[in-house]
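Architecture at a glance
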Amino acid sequence: MAASKASPFLEPGLKTAPNTLAIASLSRDNFQPLTLEQSIGAVDGYAEGATLNTRFGSFPHSTLLDIPWGSQVRASVVDTGSRGRKRRRDEVESEDTPIPSQDEGDDKATPSSLAKAVVASSGFIYILRPTPELWTSSLPHRTQVVYTPDYSYILQRIRARPGSRIIEAGAGSGSFTHASARAVYSGYPRNAAEKKGKVFSFEFHEPRYEKMQEEIKNHSLEGIVHITHRDVYRDGFSIDGKSPEATAVFLDLPAPWEALHHLSRRKIQKGGKEDENDGSWESPLDPKQSVYICTFSPCIEQVTRTVTEMRTLGWTDIDMVEIAHKRFTVMRERVGVSLPSERGFNPTPADVNEAVKKLKSDIRRTLEFHKAQQSRPDSEVSDSKMDIDEQAPNGSPKPTPNGEGATEADEEPTFLQGRIVHRTETELKTHTSYLVFAILPPEWDEEAEAAALAKWPCGKESKTIGNIDKQARKQEKREMLASKKKKKRVDDTQASTSKS
Ligand code: SAM
């Protein structure tokens, strides 16, 4: 088997590279995935080659390549070639801006015709290494997806860890698939027989299956994720007639109870009746370990049916969880009448002291105003009003709206001014789904009993409840009889003494 190219999700390296996935962070909640391209000529009418266009500017891929992950990248003034010629050149360019080729066939340009990107006066993005969390926030949605708060909890409850083998159905948009691939990654298998952490993903919707396959290949996850096109209700979870030997299962299906009978240790029909196995059926579960399952359903009626089926099929420790994720925004809020009444400032008094100070100042200003009016001729009234507006009564610089000069807060560096406040995000995503968890222990047969007895020998204890050793019982009986005889002797002696 040829050595797999490392996935940027698993081993991203230190710097960005051509033909790998990167995530452009435009703002806190706005991420855009892109595959970085090394262009050799104009692409799509851009003389600088492949270009990412955002509302924060244009970013030729040449400016995003071979830089450390997490770098901030400034926007460029791009040369739109034949496209740009339609616009007035001086609208967008400076003297440094390269002149576009006059050749209409820009897209077929030679390497030497790739224009160098010129930094624009504003706009930037961060270029981030792909992670399942960022992928979940930016992936093209084809279905409802499982979000980070749910999948991080699910993965730890089903004990997904490097080396685990997980069954997942349905694959949907691949959000859970990427998170579970990272959780189980324990290196790429060097050959088909080598057992490494793996995700066995199933999807019955053909276009979604094909899209997932393409994504898994593009993200170099083929060695870790095995995707199968199948209706799992009908055909179960075996892979090419063999068991994936899973120790964990995640079902995000409309009717998980329809698939549960395939996740058993013996061939059984839906509803729990044992089925005849001619030897062609193999359990998809690891026969030697307990298997942990999670089903993900939005409605309680689905949960009820799933739990009933789980009980019938021998699953234990069944419980249900709902994750209510709430994000808090923590920020410094500037409150006070001395602050400019702009967006981001709260121009109400910060406390009682400030309110009293403001009142006193207002009264003083009113008094000053009337005094000035009385002492000046009528013609100067309007000027005198202006004086008061322009400067403070004592001649100090113009006060802030509350009539005070610089406040204590102004002496603080801006980033320390104001109070720390926190708010919950306005749109609170409440219910996503109910998570049902359960465990299926391995079957307990004679071999398992013998192995347990060899590991924890029992039956040789003495003076314990449940002692089954005959010699020890006889010894106990002898000791009991001896003690009874001794007691009788003592009693007899006491009786004869009292008679005499
Ligand atoms: N967990 C996925 C994610 O995080 O992106 C989303 C899964 S989506 C809600 C449910 C998927 O199950 C759909 O893509 C649907 O086509 C698939 N599905 C439904 N019934 C199925 C079946 N019987 N066998 C296989 N896949 C099925």
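Residues numbered from 1 in each chain as written. Predicted model: local features only at pLDDT ≥ 70, side-chain atom pairs only at ≥ 80, totals over all residues. Heavy atoms only, no water.

1. A closer look at the overall build of the protein
When you go through the protein residue by residue, the secondary structure sums to twelve helices and 16 strands. Classification of the 500 residues of the protein by burial places 39% in the buried group. Of the contacts made within the protein by residues no fewer than 6 positions apart, 69% connect residues no fewer than 24 positions apart. On the protein, roughly 30200 Å² of surface is accessible, and the fraction owed to carbon and sulfur atoms is 52%. (Helix = DSSP H or I, 4+ residues; strand = E, 2+ residues; numbered from the N terminus. Buried < 20%, exposed > 50% of the residue type's maximum accessible area, 1.4 Å probe, protein only. Contact = heavy atoms within 4.5 Å. Areas by Shrake-Rupley, 256 points an atom, 1.4 Å probe, with all protein chains shown as cover.)

2. Some thoughts on the nonpolar core
Note that soluble globular proteins tend to have their nonpolar side chains buried in a common cluster. Core analysis: the largest hydrophobic core is formed by 39 residues, its most contacted members being I154, L155, I158, I224 and L435. Mapped onto this core, the elements with two or more residues apiece are α3 (148–157), α4 (175–184), α5 (206–218), β9 (225–229), β10 (248–251), β11 (291–297) and β16 (434–440). Composition of this core by domain shows at least three residues from each of domain 1 (8–79 + 116–130) and domain 2 (148–322). Setting aside residues up to four positions removed in sequence, I154 forms contacts with V146, F176, F250, C294, F296, L435 and F437. The next biggest cluster of nonpolar side chains, apart from the first, holds 27 residues, and it includes V249, A259, L260 and L285. (Core = buried A, V, L, I, M, F, W, Y, C linked by side-chain atoms within 4.5 Å. Domains from an automatic or database assignment.)

3. Remarks on the pattern of salt bridges
One pass over the structure, following the stated rule, counts 13 salt bridges. D29 is paired through a salt bridge with R28; the nearest N and O atoms lie 3.8 Å apart. The burial state of D29 is the same as that of R28; both residues are exposed. Among the ionic pairs, D492 bridges to K488, the shortest N-O distance being 3.5 Å. You can see D492 and its partner K488 sitting in helix α12 (residues 470–499), four residues apart, about one turn around the helix. (Salt bridge = Lys/Arg side-chain N within 4 Å of Asp/Glu carboxyl O.)

4. A closer look at α5
Over its 13 residues, α5 runs 18 Å from end to end, which matches the ideal 18 Å to within 8%, given 1.5 Å per residue. Taken together, the buried positions of α5 are Y209, M212, E215 and I216. The buried residues of α5 occupy one face: seen down the axis, they fall within an arc of 130°. Those residues of α5 that are exposed and angled more than 90 degrees off the buried face are P207 and K217. Each element contacted by the buried residues of α5 is listed here: α2 (132–138), α4, β8 (198–203) and β9. Looking one or two residues beyond α5, the residue adopting positive phi is S220, at roughly 55°. (Expected span 1.5 Å × (residues − 1). Arc of directions from axis to C-beta.)

5. Focus on the pairing of β11
Extensive coverage of β11 is indicated by the burial of seven of its seven residues. Here β11 shows no split at all, with V291, I293, T295 and S297 on one side and Y292, C294 and F296 on the other all buried. Bridge count between β11 and β16: seven bridges; the pairing is antiparallel. Opposite F296, over in β16, you have L435 as the bridge partner. (Pairing = 2+ DSSP bridges.)

6. Concerning the site of the ligand
In the vicinity of the ligand there are 22 residues, among which V146, E203, R208, D231 and D252 approach most closely. Between the ligand and the protein, one listed contact pairs a nitrogen atom with a side-chain N or O atom of D231 at 2.8 Å. Protein contacts shield 92% of the accessible area of the ligand, which totals 600 Å² for the unbound molecule. Where the shell around the ligand is concerned, the elements lending two or more residues are α4 and α6 (232–235). Its residues assigned to classes, the shell around the ligand shows nine nonpolar, eight polar and five charged. (Near = heavy atom within 4 Å. Polar contact = N/O pair within 3.5 Å; in protein donor to acceptor, adjacent residues only side chain to side chain. Nonpolar A, V, L, I, M, F, W, Y, C, P; charged D, E, K, R; others polar.)

7. Some points on the side chain of S58
Assignment of secondary structure puts S58 in strand β4 (residues 57–60). At a separation of 2.6 Å, a polar atom in the side chain of S58 contacts the side chain of N53. Discounting residues that sit within four places of it in the chain, S58 has contacts with T51, L52, N53, A75, S76 and V78.

8. With respect to helix α7 (residues 300–312)
The end-to-end C-alpha distance of α7, which contains 13 residues, comes to 19 Å, matching closely the 18 Å that a straight helix rising 1.5 Å per residue would cover. Residues of α7 that are buried include every one of Q302, V303, T306, V307, E309 and M310, and no others. Down the axis of α7, the sector holding all buried residues measures 165°, keeping them to one side. Along α7, exposed side chains directed more than 90 degrees from the buried face belong to E301 and R311. Residues of α7 that are buried sit in contact with β11, β12 (316–321) and β16.

9. Section: the packing of aromatic side chains
One pass over the structure, following the stated rule, counts seven aromatic pairs. Judged by centre distance (4.0 Å) and plane angle (25°), the ring pair of F176 and F250 falls under stacked. With F176 in helix α4 and F250 in strand β10, the pair connects residues that are 74 residues apart, well separated along the chain. Exposure remark for F176: the relative accessible area of 2% places this residue in the buried category. Linked through ring pairs, F176, F250 and F296 together constitute an aromatic cluster. A cation over an aromatic ring shows up here: R157 above the ring of F437, its NZ or CZ 4.1 Å from the ring centre. (Phe/Tyr/Trp six-rings, centres within 6.5 Å; stacked < 30°, edge-to-face > 60°. Lys NZ or Arg CZ within 6 Å of the ring centre and 35° of its normal.)

10. Points about unusual backbone geometry
Following A169, the chain continues to G170 via a peptide bond in cis, the omega torsion being -15°. Checked against the element boundaries, G170 lands in the loop between β7 (165–169) and α4. Of note, the phi angle at D317 is positive, near 50°, even though the residue is not glycine. With respect to the secondary-structure elements, D317 resides in strand β12.

11. Points about the sheet that holds β7
The strand order across the open sheet built from seven strands is β9-β8-β7-β10-β11-β16-β12, with neighbouring strands paired in mixed fashion. Each of the sheet's edge strands pairs with one partner strand only, and the pair in question is β9 and β12. Strand-to-strand twist across the sheet, computed as the mean angle between neighbouring axes with direction ignored, equals 15°. For β7 and β8, the ladder comprises five bridges, and the chain directions are parallel. Among the inter-strand pairings, I167 is bridged to a residue of β8, identified as F200. Against the sheet, α4 engages β7, β8, β9 and β10, with an angle of about 160° to β8. Those strands touched by α5 are β8 and β9, and its axis lies near 160° from that of β9. (Axes fitted to C-alpha atoms, helices over the stretch in contact; angles between N-to-C directions.)

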